[in-house]
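# Commentary on secondary and tertiary structure
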Amino acid sequence: MFSLSKYFKPYLKINKINNFSNSMLLLKHTVVLGIETSCDDTGCAIVDESGRILGESLNSQTLIHLRHGGINPIIAREFHRNNIEKVVSNALDKASMKIEDINAIAVTTKPGLPGSLEIGVKYANYISQKYNKMLVPIHHMKAHALVARMYNNIDFPFLVLLISGGHCLLALVNDVDNFHLLGQTIDNPPGEILDKCARRMKLRNIPKYSHMPGGQAIEMAALNAKNPTDFTFPLPLARNRDCNFSFSGLQDAFIRLLTMKEKEHNLMGDNIIPEVNDLCAAFQMAVAKHLVQRTQRAAQFLELKSYLPNENKTLVVSGGVACNNFIFKSLETFGTHYNYKVVRPPPNVCTDNGVMIAWNGIEILRKGCQLDNKEIDPKAPLGKNIIDQVKLSNLPTKLVKLKYFY
Ligand code: KG4
Ligand code: ZN
């Protein structure tokens with residue numbers, strides 16, 4: 001039989017957090033501790049009902065996985081296991097709080113890497129039982145979407161574009177617990193493709209990019225582009241009148257162009273093509289065009305069905321790739337044409353973190369939503385799938401004009 005205390009032997013030090021002060025019990029607001037371990041970041045944050053971050057801690061494995069050329073699920077799980085207790089107690093220390101002062105514990109239960117999810121969920125269960133705190137299961141993608149409401153005044157319903165190393169989707173957010181999925185990637189997410197292409201270009205050999213995730217390195221290199229139009233990429237799924245995404249064709253086209261240039265310059269080993277900045281800018285533009293075109297169709301569909309009000313329409317962009325300023329500005333161009341306010345959380349909250357999990361917990365408790373099942377669900381879909389409704393609407397979409405230099 002599974003023994004909690006045996007499994008969490010290294011975590012039993014948490015017992016020390018017992019001499020708590022009564023002062024915090026006087027808190028008027030709900031305070032939630034959020035735990036995130038769905039992929040490669042171990043995150044914890046304590047957030048109150050007004051959206052104040054009382055304490056926060058994050059242990060990122062990005063650089064470790066960069067060295068391995070992608071996320072290794074076994075390494076990720078091991079790092080979560082070694083770090084979770086430290087990360088949670090750091091967040092509590094920063095908040096000058098004890099677990100007893102918290103009203104509830106929110107934890108990512110879905111979707112994500114099974115081994116990674118399991119560490120966070122077991123640890124959250126352990127402290128929830130030990131300190132008799134309510135456990136609030138959280139859907140990672142919903143948390144990415146809802147956290148924008150902590151920073152901006154955004155009413156339901158709104159449109160969200162979630163772009164990261166693990167996901168790519170468009171959804172209509174009707175309420176805290178009511179999401180409609182409009183489109184999703186049919187192959188890889190954009191972050192994964194940007195990372196692979198950065199690696200293939202050997203951007204890591206350029207010292208100033210060596211500590212950056214691939215997507216960020218491509219963004220930085222693209223800033224130095226002179227002739228980005230020298231490279232052209234196809235617009236993915238141009239004939240499919242839906243909001244789904246596909247990035248694998250762009251990756252293939254990218255590798256073809258890069259290989260051609262390497263041959264042209266007779267390059268071998270770790271050498272980098274002289275046109276690297278232009279290639280980065282052209283590739284980033286191709287990703288931006290695809291994201292914008294699918295977002296345009298989502299907006300057309302929502303208008304056709306009157307699923308959004310005519311005034312105060314908002315597009316929330318979140319996930320690690322939302323940190324990209326060029327992509328964000330391209331989405332703002334969409335906003336100008338379609339009359340949407342385009343917003344994103346701060347960069348450290350676009351990537352995986354504990355704040356969004358704690359905030360989602362606050363939103364669930366505030367609304368009194370029914371709690372989800374507490375089991376982990378690595379492949380959990382997001383809300384009600386209405387992708388076929390979008391397809392049936394058969395809407396033609398002409399891409400808005402995007403600029404290389406904003
Ligand atoms: O949301 P995230 O931290 O983790 C998940 O994948 O869930 O996103 C990580 C991804 C990586 O693929 C990374 O290359 C990408 O976000 N990323 C960026 C930028 N910063 C991080 N992509 C493009 N431009 C950036 N500035
Ligand atoms: Zn994420």
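Residues numbered from 1 in each chain as written. Chains lettered and ligands numbered in written order. Predicted model: local features only at pLDDT ≥ 70, side-chain atom pairs only at ≥ 80, totals over all residues. Heavy atoms only, no water.

## Topic: the site of ligand 1
Threshold: Here a residue is near a molecule or strand as soon as one of its heavy atoms is found within 4 Å of it. Polar contact is defined as a pair of N or O atoms within 3.5 Å, subject to the rule that within protein one atom must be able to donate a hydrogen and the other to accept it, and that residues adjacent in sequence are counted only when both atoms are side-chain atoms. Surface accessibility in these figures is a Shrake-Rupley result with a 1.4 Å probe; residues are shielded only by whichever protein chains are displayed. Here a strand is any run of E in DSSP of at least two residues, a helix any run of H or I of at least four, and the numbering for each starts at the N terminus.
Surveying the vicinity of ligand 1 reveals 18 residues, the closest of which are Gly165, Asp195, Gly215, Glu219 and Gly320. Within the backbone of Gly191, one N or O atom sits 3.1 Å away from an oxygen atom of ligand 1. Between ligand 1 and Glu219 there is a distance of 2.8 Å, counted from a nitrogen atom to a side-chain nitrogen or oxygen. With the chains in place, 91% of the 550 Å² that ligand 1 exposes on its own is no longer accessible. Tallying contributions element by element places helix H8 (residues 214-222) first for the shell around ligand 1, with four residues.

## Quick notes on the coordination of the zinc ion (ligand 2)
Short version of the rule: As a rule, N, O and S atoms within 2.8 Å of a metal are its donors, except that Na, K and Ca use 3.2 Å; water is not among the atoms, so sites may look incomplete. The classification of residues rests on relative accessible area computed with a 1.4 Å probe and restricted to protein chains. Under 20% of the type maximum is buried, over 50% is exposed, and intermediate values are partly exposed.
For the zinc ion (ligand 2), the full set of protein donor atoms is His140 (NE2), His144 (NE2) and Asp352 (OD), and the range of their distances to it is 2.1 Å. As a motif over one chain, the donors of the zinc ion (ligand 2) read H-x3-H-x207-D. Here His144, found in helix H5 (residues 140-146), pairs with Asp352, found in the loop between helix H12 (347-350) and helix H13 (355-367); they are 208 residues apart in sequence, far enough to count as distant. Of the residues examined, Asp352 reaches a relative accessible area of 12% and is grouped as buried.

## Topic: unusual backbone geometry
The omega torsion across Phe156 and Pro157 is -5°, close enough to zero to call that bond cis. Along the chain, Pro157 falls in the loop between helix H6 (148-151) and strand E6 (158-163). Located in the positive-phi region is Lys202, a residue other than glycine, with phi close to 65°. Position of Lys202 among the secondary structure elements: in the loop between helix H7 (190-201) and H8. Phi at Asn394 is positive, roughly 50°, even though this residue is not glycine. Topologically, Asn394 is positioned in the segment after helix H14 (387-393).

## Quick notes on the sheet that holds strand E1 (residues 31-36)
The condition is simple: Each pair of strands is called paired provided DSSP finds at least two bridges between the two strands. Every angle, taken between N-to-C directions, lies between 0 and 180 degrees, and every axis is a line fitted to C-alpha atoms, over only the stretch in contact when it is a helix. Contacts are residue-level and defined by heavy atoms, with any inter-residue pair within 4.5 Å sufficient.
Pairing is mixed in the open sheet, where five strands are placed in the order E3-E2-E1-E4-E5. Edge positions in the sheet fall to strand E3 (53-60) and strand E5 (134-139), since each has one partner strand and no second. Going across the sheet, the axis of each strand differs from the next one's by a mean of 20°, ignoring polarity. Seen against the sheet, helix H3 (residues 73-95) touches E1, strand E2 (41-48) and E3 and runs at an angle of roughly 25° to E2. The sheet strands contacting helix H4 (residues 114-130) are E1, strand E4 (104-110) and E5, and the helix crosses E4 at an angle near 155°.

## Here's the deal with the pairing of E1
Burial of E1 is extensive: six of the six residues sit out of reach of the surface. Both faces of E1 are covered, namely the face carrying Val31, Leu33 and Ile35 and the face carrying Val32, Gly34 and Glu36. By the bridge criterion, six bridges tie E1 to E2 in an arrangement that is antiparallel. Note that in E2 the partner of Val31 across the bridge is Asp48. Where E1 and E4 come together, four bridges link them in parallel fashion.

## Focus on the packing of aromatic side chains
Short version of the rule: Each aromatic pair joins two rings of Phe, Tyr and Trp (for Trp, the six-membered one) with centres within 6.5 Å, and gets the label stacked for planes under 30 degrees apart, edge-to-face for over 60, and tilted for any other angle. By definition, being over a ring means that NZ of Lys or CZ of Arg is both within 6 Å of the ring centre and within 35 degrees of the ring normal.
Taken as a whole and judged by the stated rule, the model has 10 aromatic pairs. Judged by centre distance (5.1 Å) and plane angle (50°), the ring pair of Phe334 and Tyr340 falls under tilted. Over the ring of Tyr131 we find Lys130; its NZ or CZ atom is 5.5 Å from the centre of that ring. For the cation-ring pair, Arg344 lies above Phe328, with the distance from its terminal atom to the ring centre recorded as 4.0 Å.

## Describing the confidence of the model for the protein chain
Just so we agree on the cut-off: What pLDDT expresses is the predictor's confidence in each residue, scored from 0 to 100.
Model confidence for the protein chain is summarised by a mean pLDDT of 92, while 93% of its residues fall at 70 or above. A low-confidence stretch, residues 1-27 (pLDDT under 50), is modelled with 52 contacts involving residues beyond four sequence positions or located in other chains.

## Quick look at the pattern of salt bridges
The condition that has to hold: Any carboxyl oxygen of Asp or Glu within 4 Å of a side-chain nitrogen of Lys or Arg constitutes a salt bridge here.
In the structure shown here, the tally under the stated rule is 16 salt bridges. A salt bridge links Lys110 to Asp372, with the nearest nitrogen and oxygen atoms 3.0 Å apart. Here Lys110, found in strand E4, pairs with Asp372, found in the loop between H13 and strand E11 (384-385); they are 262 residues apart in sequence, far enough to count as distant. Overall, the relative accessible area of 14% leaves Lys110 in the buried class.

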